[in-house]
Amino acid sequence: MNKQQIVLAARPKGMPDASTFRFEDLQLPRLQSGDVLVEPTYFSVDPYMRGRMNDAKSYVPPFVVGEPLAGGAVGTVIDSQSEGFAPGDLVTGTLPWATQSVVPGTALKKLDPSLAPASYYLGILGMPGLTAYFGLLDIGKPKAGETVVVSGAAGAVGIIVGQIAKIQGCRVVGIAGSDDKVTLLQDQFGFDAVVNYKTAPDLTKAIADACPDGVDVYFDNVGGAVSDAVIENLNFHARIPLCGQIALYNTTDVPTGPRIQPMLLTRSVLMQGFIIGNYKDRFGEGVRQLAAWVREGKLQYTETTLTGFDKLPDAMLGLFSGQNTGKMIVEV
Ligand code: NDP
């Protein structure tokens with residue numbers, strides 16, 4: 001079969017669709033000194049990739065129209081001109097959306113498949129796990145007995161946030177978009193209560209009912225109307241790790257909502273945005289702790305896996321309609 005890549009065909013306005021992506025045959029360059037030929041086994045699709053489709057200044061550069069998209073991946077080394085990598089090695093790194101790639105060895109890290117399934121390095125032992133760990137513990141600073149609310153609760157980050165908050169001895173309330181997700185989070189992931197934001201007739205009241213002592217920490221993965229409703233329920237000295245705003249990633253106008261500053265002011269609330277890259281010097285600590293919790297059975301994980309390289313666009317779009325539970329993965 002020909003090698004293939006998926007390029008950004010055009011910058012989407014609003015929600016991306018099939019016309020955003022184009023499949024192309026691919027000719028690979030010869031390996032130069034320092035290069036590695038990698039064949040991806042698993043690709044991660046992540047909400048932040050939607051931001052890279054816009055021509056906008058951000059903490060990562062935009063994708064280039066006509067060039068391949070790229071994202072977190074796990075793959076196998078096929079050939080190597082880089083010291084430290086040999087054929088057969090399992091590696092992880094940011095790879096172009098291609099069935100094979102030639103990349104510098106410096107862009108790759110070897111991974112240890114004995115610790116956890118290889119795809120977990122894209123989820124619980126990768127960027128989403130670290131995001132949950134540092135965002136919750138470093139900014140949220142949950143204390144035993146407090147109430148932690150997490151939106152996007154059944155997603156890659158949220159499902160870990162909830163469990164780490166339980167490990168800290170908190171009451172944990174999730175917000176998710178289907179009854180199946182509500183049941184799963186309560187029955188298998190130890191959440192104390194979960195609110196379905198799509199069906200609750202009055203979301204602010206539903207959150208108040210689920211949080212009889214108010215909200216001490218709100219881990220915000222989604223923004224928009226969900227966050228407006230949580231913010232109504234904050235306690236004095238609440239903390240908000242501002243992680244993601246997926247509800248707003250496809251908006252074409254300037255989103256407006258309640259003016260929240262008076263609430264933050266009068267309740268002495270701390271709200272802090274963060275990008276996981278801020279913590280790169282502490283990734284080792286995070287991965288060690290997450291892996292230990294996984295080994296001890298304190299952290300469970302789940303993935304939604306689509307099979308086939310051609311499923312990458314569907315997987316990416318599926319994030320915006322809630323098709324994933326846990327990490328969205330494409331197995332090539
Ligand atoms: P998820 O696995 O949670 O996938 C996205 C989920 O968001 C969907 O499954 C869906 O679940 C929910 N969702 C989609 N659209 C909306 C909407 N309009 N309103 C409310 N919920 C919606 O993604 P991740 O766990 O990887 O990421 C979660 C958030 O964290 C994202 O906003 C992401 O950008 C951010 N993030 C930030 C990082 C950082 O460094 N700050 C690093 C990693 C992620 P449902 O069925 O419940 O609607």
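Here we summarise the structure given alongside this text. (Residues numbered from 1 in each chain as written. Predicted model: local features only at pLDDT ≥ 70, side-chain atom pairs only at ≥ 80, totals over all residues. Heavy atoms only, no water.)

Okay, the pattern of salt bridges next. According to the stated counting rule, one finds 11 salt bridges in the structure shown. Measuring nitrogen to oxygen at the nearest pair gives 3.7 Å for the salt bridge that ties Lys 143 to Glu 146. Relative accessible area serves as the criterion here: at 47%, Lys 143 is assigned to the partly exposed category. Its relative accessible area of 13% is what places Glu 146 among the buried residues. (Salt bridge = Lys/Arg side-chain N within 4 Å of Asp/Glu carboxyl O. Buried < 20%, exposed > 50% of the residue type's maximum accessible area, 1.4 Å probe, protein only.)

This part takes up unusual backbone geometry. One non-glycine residue, His 237, adopts positive backbone phi at about 65°. Mapped onto the fold, His 237 is located in strand β12 (residues 234-242). Positive phi, normally seen in glycine, also occurs at Ser 268, with a value near 50°. Position of Ser 268 among the secondary structure elements: in the loop between α7 (261-266) and β13 (270-273). For Ser 268, a relative accessible area of 32% corresponds to the partly exposed category. (Helix = DSSP H or I, 4+ residues; strand = E, 2+ residues; numbered from the N terminus.)

What follows deals with the site of the ligand. Neighbouring the ligand are 26 residues; Lys 181, Tyr 197, Tyr 249, Ile 276 and Asn 324 lie closest to it. Note that an oxygen atom of the ligand is positioned 2.8 Å from one of the backbone N or O atoms of Ala 156. The fraction of the free accessible surface of the ligand (910 Å²) that becomes covered by protein chains is 92%. Class assignment for the residues of the shell around the ligand results in 16 nonpolar, 9 polar and 1 charged. Viewed by domain, the shell around the ligand spans two of them, domain 1 (4-123 + 301-331) and domain 2 (127-277), each represented by three or more residues. (Near = heavy atom within 4 Å. Polar contact = N/O pair within 3.5 Å; in protein donor to acceptor, adjacent residues only side chain to side chain. Areas by Shrake-Rupley, 256 points an atom, 1.4 Å probe, with all protein chains shown as cover. Nonpolar A, V, L, I, M, F, W, Y, C, P; charged D, E, K, R; others polar. Domains from an automatic or database assignment.)

Quick look at the sheet that holds β13 now. A sheet is described by the order of its strands in space; here 6 strands give the open sequence β10-β9-β8-β11-β12-β13, paired in parallel fashion. The outermost strands of the open sheet, each flanked by one partner alone, are β10 (193-196) and β13. Within the sheet, the average angular offset between the axes of one strand and its neighbour, ignoring direction, is 15°. As defined by bridge partners, strand β8 (residues 147-151) adjoins strand β11 (residues 215-219) across 3 bridges and the pair is classed as parallel. Residue pairing for β11: Val 148 is matched across the bridge by Val 217. Sitting on the sheet, helix α3 (residues 158-167) is in contact with β8, β9 (171-176) and β11, with an inclination near 170° to β8. With respect to the sheet, helix α5 (residues 203-210) is in contact with β9, β10 and β11, its orientation differing from that of β10 by roughly 175°. (Pairing = 2+ DSSP bridges. Axes fitted to C-alpha atoms, helices over the stretch in contact; angles between N-to-C directions. Contact = heavy atoms within 4.5 Å.)

Take the packing of aromatic side chains next. On inspection of all chains with the given rule, the structure shows 9 aromatic pairs. These aromatic residues form a ring-pair network of at least three members: Tyr 133, Phe 134, Phe 219, Phe 274, Tyr 279 and Trp 293. (Phe/Tyr/Trp six-rings, centres within 6.5 Å; stacked < 30°, edge-to-face > 60°.)

Our focus in this paragraph is the pairing of strand β4 (residues 70-80). Of all 11 residues in β4, 8 are buried, a share of seventy percent or more. Sheet topology places strand β3 (residues 35-44) next to β4; 7 bridges connect them, and they run antiparallel. For Phe 43, the partnering residue across the bridge sits in β4 and is Ala 73. Note that β4 and strand β5 (residues 90-96) share 7 bridges and pair antiparallel. Residue pairing in the sheet places Gly 71 in a bridge with Leu 95 of β5.

Packing of helix α2 (residues 127-140) against α3 leaves a shortest axis separation of 9 Å and a crossing angle of 45°. Considering the angle they form, α2 stands oblique to α3. Between α2 and α3 lies a crossing whose hand is right-handed. In this structure, α2 contributes Pro 128, Gly 129, Ala 132, Tyr 133, Leu 136 and Leu 137 to the contact, and α3 contributes Ile 160, Val 161, Ile 164 and Ala 165. The class makeup of the residues in the contact of α2 with α3 is 9 nonpolar, 1 polar and no charged. (Parallel < 35°, antiparallel > 145°, perpendicular 65-115°, else oblique. Left-handed = near helix turned anticlockwise from the far one by under 90°.)

If you trace the backbone, Asn 221 turns up in the loop between β11 and α6 (224-231). A relative accessible area of 11% means that Asn 221 is categorised as buried. Those residues within four positions of Asn 221 in sequence are excluded, and the remaining contacts are Val 150, Ser 151, Gly 152, Val 157, Gly 158, Cys 243, Gly 244, Gln 245 and Ile 246.

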